[in-house]
Protein chains: 2
Amino acid sequence: MVDIIKEIEQLDWNKEPKGLYEPIAYTLASGGKRLRPTLAIIAAELIVNGGLLNGDAIEHAVPAALALEIFHNFTLLHDDVMDRAAVRRGRETVHVKWNDNTAILSGDQMLIEAYKQLAQVPADKLPQVLKWFNEMATAICEGQQYDVDFEHQNQVRIEDYMMMIEKKTSVLIANALRTGGYIAGANPAQQEALYQYGLHIGLAFQIQDDILDVYGDPKTFGKAIGGDICCNKKTILLLTAFEQADAESKAELLEWLMTTGRDAEKIEAVTAIYNRLGVREAVETIMEQHTALALAQLDRLPQNKACDKLRELAERLAVRKS
Amino acid sequence: MVDIIKEIEQLDWNKEPKGLYEPIAYTLASGGKRLRPTLAIIAAELIVNGGLLNGDAIEHAVPAALALEIFHNFTLLHDDVMDRAAVRRGRETVHVKWNDNTAILSGDQMLIEAYKQLAQVPADKLPQVLKWFNEMATAICEGQQYDVDFEHQNQVRIEDYMMMIEKKTSVLIANALRTGGYIAGANPAQQEALYQYGLHIGLAFQIQDDILDVYGDPKTFGKAIGGDICCNKKTILLLTAFEQADAESKAELLEWLMTTGRDAEKIEAVTAIYNRLGVREAVETIMEQHTALALAQLDRLPQNKACDKLRELAERLAVRKS
């Protein structure tokens, strides 16, 4: 039985020079959901328990699962520098606790550490796993760049936004599932089903994030409600509002976008416009469509306990509160 | 016949989003010596012309050579952010021409692009090439961290300095040679000879850099003479001076280290101390030892035109002026 959380905790960062490795240990010790490596292992279990291969195949997926978790944390580390974020998972970010240069260099080393894990993938599986990993990593950098570009862009279409969050969020989740399954012996149709499932739960997850930022329960959400509205973030809610708004509502929205320093009032007003335009319902429908598409992929996979876990995850995502 | 300079120029960076890829194109178009990919190809030629394999083996070394060049330029890009360097190879650095975030993100993507090239290495050679590449990349990050640590450290031993420049500079050159040779079919003894040759020319190269910064000809050196002295850089010259100095010279050196704003005077005075202590000769002896060690490795390799090129390189390094 693979305990991937324990595997992450047992990674050894007690190495010299400490200035390079301590920030890596700090970043990886800060918890988080461990969603990506967990999904990689569930996918491996799904394929193995589906009767195709023996249990060793799950162990073989461990290095790739670790690579994905290290990579994900690398992206957070560098994103926090770029966003000037001071807090992550309730702790000071690395560039605040140390400095920008440390965050850059230790982040670089984390990316290399991810590839060190990948180098442990069984040799016959390595070329494909490396190729997918590189494509995924590229998508995430591209997604990050589009996200930055969109901030300075007047008009962003909903389809552009969906492309951006697919690259920035979904591809990593999708690749975690596909890679775990592939190493455990999934056939091409199963690889594709795992990938598509991951893409769609990733999209549903990100859309739900946007919804919760406005409509979440302040007690369970974990951060302040309305943060996206305050900073004019082009979320799917805002883009949908612009798409659905008549001239008058559009003018009202634009005026609020140009308003600063009246945050509480702004949140209330923009939320009222969203409510009037039925934005929440429209966006929830899109989210539910992606959840349904994710669930449909599971029918193409072996029906076992691991598959049930993926089903529960998709269903739980749609109703989460934080 | 492989033209590796042309291969670098033909890499396609005309991709979206432009904000991510244009800084990569800019960085790779800025020239430089292309030393590392050239050495990888020479090593492959050396092994193939040594009669062990056919000419395809040289082509097979191209992706690894490109990976090394992209990786090297990635390190320069991130180093320039960390050092706040404004100019590189006569042009504005990326973080000046664009901004810090662009330099961070496009640098990350360059590191990933290096691994994309590696993924093209023939599958039977990939596990070893990837493992070596990861070890090299780690050494370079560690070397960079030691370099930063040494700045804030009162006492740095010459052996620590040598360890640092080995990691920061030599390992990349050594690995370029070993990897090119390995892909072309070098046996383990040849791989080791290529690696050791690279380590020693790398050390000689870096030591020569330190010497030229003080004793170079201003007309050919390309940058201002004495830059290292002005900023109290712990070069092998300064460390040797401290090691050789009596109490009086040591006190004089320390006083100059604490002096700011009198650069021309400081350069003249510190150089005079170096001259009095015979620092240049002592350091040149170390450099010549490494050149000799590099040359000795070549006797263990096939004697052909490619091997002659490596011999010339080692001999030329020792007398270079820029």
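Bear in mind the structure is a predicted one, so any value in this text is a computation, not a measurement.

Draft legend 1. The environment of B:I207, seen in detail. Residues and elements named next belong to chain B. Looking at the secondary structure, you find I207 in helix α10 (residues 188-215). A C-alpha to C-alpha distance of 23 Å links I207 and G31, two positions 176 residues apart in sequence. For I207, the contacting residues outside a window of four places in its chain are M162, I165, I236, V283, I286, M287 and H290.

Draft legend 2. Focus on the relation of the copies chain A and chain B. When chain A is fitted onto chain B, the two copies agree to an RMSD of 0.0 Å after a turn of 180 degrees and an axial shift of 0.0 Å. With respect to symmetry, the two chain copies, as superposed, fit the operation of a two-fold axis. An overlap of 100% is found between the interface residues of chain A and their copies at the interface of chain B, pointing to a shared contact surface.

Draft legend 3. Geometry of the state of the cysteines. What the rule picks out here adds up to zero disulfides over all chains. For the unlinked cysteine B:C231, the closest cysteine sulfur is that of B:C230, found at 7.3 Å.

Draft legend 4. Molecular detail of the nonpolar core. If you look at the biggest cluster of nonpolar residues, it comprises 164 residues, and the most contacted ones within it are A:F71 and B:F71. Discounting chain neighbours no more than four positions away, the residues touching A:F71 are A:L111, A:A114, A:F133, A:M136, A:A137, A:I140 and A:L172.

Draft legend 5. Representation of unusual backbone geometry in the model. Residue and element names in this part refer to chain A. Cis geometry is adopted by the peptide bond preceding P17, which originates at E16 and carries an omega value of -5 degrees. In this structure, P17 sits in the loop between α1 (4-9) and α2 (18-28). Although it is not a glycine, R84 adopts a positive phi angle of roughly 55 degrees. Position of R84 relative to the elements: it lies in the loop between α5 (62-83) and β1 (87-88). On the basis of relative accessibility, which here comes to 48%, the residue R84 falls in the partly exposed class.

Draft legend 6. Geometry of the interface of chain A and chain B. Taken together, the 32 residues of chain A in the interface contact 32 residues of chain B. Applying the counting criterion to the chain A and chain B interface returns zero salt bridges. The interface formed by chain A and chain B includes twelve residue pairs in polar contact (both at pLDDT 80 or more). Looking at the side of chain A that touches chain B, the elements with two or more residues in it are α2, α5, α7 (100-118) and α8 (126-151) of chain A. Per element, the largest residue contribution to the side of chain A that touches chain B is twelve residues, and it comes from α8(A).

Draft legend 7. Structural detail: the side chain of A:T179. With respect to the helices, strands and loops of the structure, A:T179 is situated in helix α9 (residues 158-183). Apart from the residues lying within four places of it in its own chain, the contact partners of A:T179 are A:A64, A:V129 and A:W132.

Draft legend 8. Structural detail: the environment of B:K309. All names here are of chain B. For K309, the location among the structural elements is in helix α17 (residues 305-317). A residue is classified by how much of its surface remains accessible, and K309, at 38% relative accessible area, is partly exposed. Along the backbone, K309 and I42 are 267 residues apart, and their C-alpha atoms lie at a distance of 7.8 Å. Leaving out residues up to four positions away in the same chain, K309 has contacts with I42 and E45.

So, how was this worked out
Residues numbered from 1 in each chain as written. Chains lettered and ligands numbered in written order. Predicted model: local features only at pLDDT ≥ 70, side-chain atom pairs only at ≥ 80, totals over all residues. Heavy atoms only, no water. Helix = DSSP H or I, 4+ residues; strand = E, 2+ residues; numbered from the N terminus. Contact = heavy atoms within 4.5 Å. Least-squares fit on C-alpha atoms with pLDDT ≥ 70 in both. Disulfide = S-S within 2.5 Å. Core = buried A, V, L, I, M, F, W, Y, C linked by side-chain atoms within 4.5 Å. Buried < 20%, exposed > 50% of the residue type's maximum accessible area, 1.4 Å probe, protein only. Salt bridge = Lys/Arg side-chain N within 4 Å of Asp/Glu carboxyl O. Polar contact = N/O pair within 3.5 Å; in protein donor to acceptor, adjacent residues only side chain to side chain.

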